[in-house]
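# Structure at a glance
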Amino acid sequence: MVLVRTKKELASLLSSFDKTRGIGLVPTMGALHKGHMALVKRAISENENVVVSIFVNPTQFNNKEDLVKYPQTLEADMALLKEVSNTISVFAPTVEEIYGDKTKTKVYDFEGLDKVMEGEFRDDHFNGVGTIVETLLKLVKPKKAYFGEKDFQQLQIIKKLVNIANLSVEIIGCPIVREANGLAMSSRNERLSKTMRKEAAFIYKTLNTAKKKFGTKSAKEVIDWVNGEFQKNSDLDLEYIAITDVDTLTPIQKKQKDVKYRAFVAVYAESIRLIDNIALN
Ligand code: PAF
């Protein structure tokens with residue numbers, strides 16, 4: 001396992017890789033869990049060289065408290081990665097190394113993908129994600145980069161970013177990994193109480209039933225049903241439920257035969273914001 005902290009060290013590491021063999025990049029903000037490990041394992045199976053970046057990116061946090069409380073667990077992360085393979089390279093820069101003395105965010109035109117759902121509730125979040133992902137892709141120059149479908153909107157925006165910035169990298173989306181009770185794996189789950197971690201299984205259970213209902217009911221009926229279920233649950237506070245076209249992320253008007261849809265939710269549990277989504281057809 002190699003750990004590099006600066007762009008210079010990263011460049012020298014990359015130059016030691018065999019040029020004819022591609023690099024797989026797994027960008028993360030650390031606090032690694034089984035969801036990240038699934039991305040890392042996939043990257044290892046498809047690339048000769050794998051770089052995992054660990055960087056808590058300040059420009060994508062609209063909520064300062066969330067940034068301050070975001071777990072930073074480099075040692076534990078390195079140990080977990082080592083269990084998977086000791087050939088992984090880790091790039092864990094400081095904020096200054098990436099942004100210099102001004103943490104500036106680039107402004108992108110994601111053609112509306114960033115205006116719905118997370119974009120509506122998290123100001124400038126996707127410009128922050130775009131800024132760091134573009135930076136990492138340009139520094140590491142991977143052939144493939146891996147992202148989880150839990151952040152499905154982010155995944156679609158990163159595919160758009162690659163077009164906008166004209167980067168030659170394949171963006172690979174990987175299925176959501178869930179805890180045994182169905183709760184989508186997230187670094188934020190660590191901040192939930194034991195009881196809430198059980199209770200939050202309600203999110204996936206509700207999405208699953210919504211999927212079944214989507215077969216026979218209209219999108220509005222499904223959305224109303226989900227809203228109703230959360231209203232009955234006083235421990236979980238639903239911020240939004242949306243059903244959208246998977247490609248354009250535009251909210252569904254009327255079901256169309258050849259369009260694939262997904263349902264998305266953001267939920268507050270003990271003031272921790274959790275997101276989840278499910279393919280509906
Ligand atoms: O999904 C994440 O963990 C982050 O948004 C990412 C892609 C690593 C960018 O900071």
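Below is a summary of the structure that appears in this document. (Residues numbered from 1 in each chain as written. Predicted model: local features only at pLDDT ≥ 70, side-chain atom pairs only at ≥ 80, totals over all residues. Heavy atoms only, no water.)

## A look at the site of the ligand
All residues in the neighbourhood of the ligand are listed as Pro 27, Thr 28, Met 29, Asn 57, Gln 60, Ile 132, Phe 147, Asp 151 and Gln 154. A distance of 2.6 Å separates an oxygen atom of the ligand from a polar side-chain atom of Gln 60. Gln 154 places a polar side-chain atom, nitrogen or oxygen, 2.7 Å from an oxygen atom of the ligand. Coverage of the ligand by the protein amounts to 88% of the 290 Å² it exposes when considered alone. (Near = heavy atom within 4 Å. Polar contact = N/O pair within 3.5 Å; in protein donor to acceptor, adjacent residues only side chain to side chain. Areas by Shrake-Rupley, 256 points an atom, 1.4 Å probe, with all protein chains shown as cover.)

## Side note on the pattern of salt bridges
Considering all chains together, one arrives at 20 salt bridges under this definition. Put simply, Arg 178 and Asp 276 hold a salt bridge, and the shortest N to O gap is 2.9 Å. One end of the pair, Arg 178, is in the loop between strand S6 (170-174) and helix H9 (194-199); the other, Asp 276, is in strand S9 (residues 272-279), and 98 residues separate them in sequence. Judged by its relative accessible area of 4%, Asp 276 is buried. A salt bridge links Lys 220 to Asp 224, with the shortest nitrogen-to-oxygen separation between them at 2.6 Å. Taken together, the residues span about one helical turn, with Lys 220 and Asp 224 both in helix H11 (residues 219-232) at a distance of four residues. The class for Lys 220 is exposed, based on a relative accessible area of 57%. A relative accessible area of 39% means that Asp 224 is categorised as partly exposed. Taken together, the shared-partner salt bridges in this structure form one network comprising Glu 118, Arg 122, Glu 239 and Arg 273. (Salt bridge = Lys/Arg side-chain N within 4 Å of Asp/Glu carboxyl O. Helix = DSSP H or I, 4+ residues; strand = E, 2+ residues; numbered from the N terminus. Buried < 20%, exposed > 50% of the residue type's maximum accessible area, 1.4 Å probe, protein only.)

## Overview of the sheet that holds strand S2 (residues 23-28)
Read from one edge to the other, the open sheet built from six strands follows the order S1-S4-S3-S2-S5-S6, with strand pairing classed as parallel. Of all strands in the sheet, those with a lone pairing partner are strand S1 (2-4) and S6, marking the two edges. Averaged over all neighbouring strand pairs, the angle between strand axes comes to 25°, with direction disregarded. Helix H2 (residues 34-46) contacts S2, strand S3 (49-54), strand S5 (144-148) and S6 of the sheet and is inclined by roughly 155° relative to S5. On top of the sheet, helix H8 (residues 152-164) reaches S5 and S6; it is set at about 170° to S6, its chief contact. (Pairing = 2+ DSSP bridges. Axes fitted to C-alpha atoms, helices over the stretch in contact; angles between N-to-C directions. Contact = heavy atoms within 4.5 Å.)

Shape descriptors only; they carry no functional weight alone.
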